[in-house]
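Each chain, letter by letter, is given below.
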Amino acid sequence: MMLQCPMPQLDFDIITLGHGSGGQLTHNLLSSGVFDLLKNDLLDPHHDGAVLHFANPVAFSTDSFVITPIFFPGGTIGDLSVNGTLNDLAMCGAVPRYLSLSFIIEEGLMVKEFWEILVSIKLACEEAQVKVVTGDTKVVEKGKGDKIFINTSGLGELHPRARIGADQVQVGDSVIISGNVATHGVAIMSVREGLSFETELRSDTRNLAPAVIALLDAFGESIHFLRDPTRGGVATVLNELAIESKLGIDLAQSAIPLDEQVEGACEMLGLDPLYVANEGIFIAVVKAEAADEVLDLLKQTDTGQRAAQIGTVTANHPGQVILTSSIGGRRTLNLLSGEQLPRIC
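Notes on the structure in this doc start here. Just so it is clear, the model here is predicted, and its values are computed rather than measured.

## So, the pairing of strand E4 (residues 94–106)
When a strand is regular, its side chains alternate between the sheet's two faces.
No. 1: As judged from the 11 bridges shared by E4 and strand E6 (residues 148–158), these two strands associate in the antiparallel manner. Bridge assignment links Ser 100 to a residue of E6, and that residue is Ser 153.
No. 2: Here E4 runs beside strand E5 (residues 131–140); their pairing, made up of nine bridges, is parallel. Its bridge partner being in E5, Ile 104 is matched across the sheet by Lys 138.
No. 3: Chirality of the crossover, the property in question, places the unit of E4, helix H3 (residues 111–128) and E5 among those that are right-handed.

## With respect to the nonpolar core
No. 1: Counting residues in each nonpolar core, the largest one holds 80 residues, and the members touching the most others are Phe 103, Phe 114, Ile 121 and Ile 148.
No. 2: No other element matches the 10 residues that H3 contributes to this core.
No. 3: Those residues in contact with Phe 114, other than ones at most four positions away along the chain, are Ile 15, Leu 29, Val 34, Phe 103, Ile 105, Leu 109 and Ile 148.
No. 4: Listed in part, the 23 residues of the second largest apolar core include Ala 90, Ala 211, Leu 215 and Ala 291.

## Overview of the sheet that holds strand E7 (residues 174–177)
No. 1: The strand order across the open sheet formed by seven strands is E8-E10-E7-E11-E9-E12-E13, and the pairing between neighbours is mixed. Each edge of the open sheet is held by one strand with a lone partner, namely strand E8 (223–227) and strand E13 (330–333). Within the sheet, the average angular offset between the axes of one strand and its neighbour, ignoring direction, is 25 degrees.
No. 2: Alignment of E7 against strand E11 (residues 308–314), held across four bridges, turns out to be antiparallel. Along E11, the bridge assignment pairs Ile 176 with Gln 309.
No. 3: Along the sheet, helix H8 (residues 291–298) makes contact with E7, E8, strand E10 (283–286) and E11, crossing E7 at roughly 10 degrees.

## Section: the packing of aromatic side chains
Each aromatic ring pair is specified by the distance between its two centres and by the angle formed by the two planes.
No. 1: With the rule as written, the count across this model stands at two aromatic pairs.
No. 2: Ring centres of Phe 54 and Tyr 98 lie 5.7 Å apart, and the angle between their planes is 80 degrees; on these two criteria the pair is classed as edge-to-face. Linking Phe 54 in the loop between helix H1 (24–37) and strand E1 (58–65) with Tyr 98 in strand E4, this pair joins segments that are 44 residues apart in sequence.
No. 3: Owing to a relative accessible area of 27%, Phe 54 belongs among the partly exposed residues under this scheme.

## Focus: the packing of helix H5 (residues 209–219) against H8
No. 1: Relative to each other, H5 and H8 sit at 140 degrees, their axes nearing to 10 Å. When the axis of H5 is compared with that of H8, the two are oblique. Two packed elements cross with a definite hand, and for H5 against H8 that hand is right-handed. Taken together, the residues of H8 that come into contact with H5 (itself represented by Ala 211, Ala 214, Leu 215, Ala 218 and Phe 219) are Glu 293, Val 294, Leu 297 and Leu 298.
No. 2: Classifying every residue of the contact of H5 with H8 gives eight nonpolar, no polar and one charged.

## A few points about a negative patch on the surface
No. 1: Residues Glu 198, Glu 260, Glu 263 and Glu 267 make up a contiguous surface patch of negative charge.
No. 2: Of note, Glu 263 is situated in helix H7 (residues 260–269).
No. 3: You can call Glu 263 partly exposed: its relative accessible area is 37%.

## Regarding H8
No. 1: Residues Ala 291, Val 294, Leu 295 and Leu 298 constitute the buried set of H8. Viewed end-on, H8 has its buried residues packed into an arc of 100 degrees, placing them on one side of the element.

## Here's the deal with the pattern of salt bridges
No. 1: The tally for this structure, following the rule as stated, stands at 11 salt bridges.
No. 2: Residue Arg 97 pairs with Glu 157 through a salt bridge whose shortest N-O separation is 2.6 Å. In this pair, Arg 97 sits in strand E4 while Glu 157 sits in strand E6, placing the two residues 60 residues apart along the sequence.
No. 3: Between Glu 200 and Arg 202 there is a salt bridge whose closest N-O contact spans 3.2 Å.

Basis of the calculations
- Residues numbered from 1 in each chain as written.
- Predicted model: local features only at pLDDT ≥ 70, side-chain atom pairs only at ≥ 80, totals over all residues.
- Heavy atoms only, no water.
- Pairing = 2+ DSSP bridges.
- Helix = DSSP H or I, 4+ residues; strand = E, 2+ residues; numbered from the N terminus.
- Right-handed = clockwise from strand over helix to strand, strands pointing away.
- Core = buried A, V, L, I, M, F, W, Y, C linked by side-chain atoms within 4.5 Å.
- Buried < 20%, exposed > 50% of the residue type's maximum accessible area, 1.4 Å probe, protein only.
- Contact = heavy atoms within 4.5 Å.
- Axes fitted to C-alpha atoms, helices over the stretch in contact; angles between N-to-C directions.
- Phe/Tyr/Trp six-rings, centres within 6.5 Å; stacked < 30°, edge-to-face > 60°.
- Parallel < 35°, antiparallel > 145°, perpendicular 65-115°, else oblique.
- Left-handed = near helix turned anticlockwise from the far one by under 90°.
- Nonpolar A, V, L, I, M, F, W, Y, C, P; charged D, E, K, R; others polar.
- Patch = residues over 30% accessible without salt bridge, like charges linked within 9 Å, V, L, I, M, F, W, Y side chains within 5 Å.
- Areas by Shrake-Rupley, 256 points an atom, 1.4 Å probe, with all protein chains shown as cover.
- Salt bridge = Lys/Arg side-chain N within 4 Å of Asp/Glu carboxyl O.
- Lys, Arg positive; Asp, Glu negative; His and termini not counted.
- Charge placed at Lys NZ, Arg CZ, Asp CG, Glu CD.
- Arc of directions from axis to C-beta.

In structure tokens, the structure reads:
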């Protein structure tokens, strides 16, 4: 990434409180970094906001990112902050178009690190074909932050065939997951705990919008519910759905895709993979008659090669998620109590 976008020659190598003052130092940081790297017709006026025009209904989402470490196998806090908000828009059934981007930087952050984060943001935006159109930068005293926090807000146009919501879910619907669970959370925890494996565990952070739009193009109203299981994992999302829809969900443990090394790491760390955060998969609840075709299409995408049907919606045990284990036992998956993995995104 750094070779594609070499860092400009600057007369400072550490970000200080002055870079958040709104004066000359702020101008130097933004003009030689943010504005130049992320330039586009809507950002180039360097205004406090942007005027946007839409022909269709608009989805809006916002998210903040405080992950530690800020660089991890498979990504950075930068591309995570782009993908995370784009995915929230996609789960609404929207095509992402614009982002706002705001930084809270701790005094003392190396400019080289900031540049690497900016480059990862640029590449993620280019891949997703979205524009950063406005933003903000603040600097806080040493010890009052942790290197850098990022907020992104996003706008996207609703797909004309999107009818997404818990109120759309029906008895008999199939629950599909687009890929391996727990990869992101375990990759981050492995770095924190100094665990090593035969092959490096990498975060699955990615933009899910292309796969979601492909599903909506093909199946439209047969896609009843979408959600990316970030904090709290698969179990939390399905519990929220069961509560909101007043229906039950039956899950089959043997059907849930899980990387062998991730499973081993969860055992070592005492984690239940169904509650571990993800950043590159989504749950789709679809009309039963469309499930096989949805899976076939998903498996043709980069996002969905490990997609699987993991459960069904039932009128039994409303408001609860029941997991059938690999050996036939049944247990209730409850909402997560407390924080299993702090600062995972």
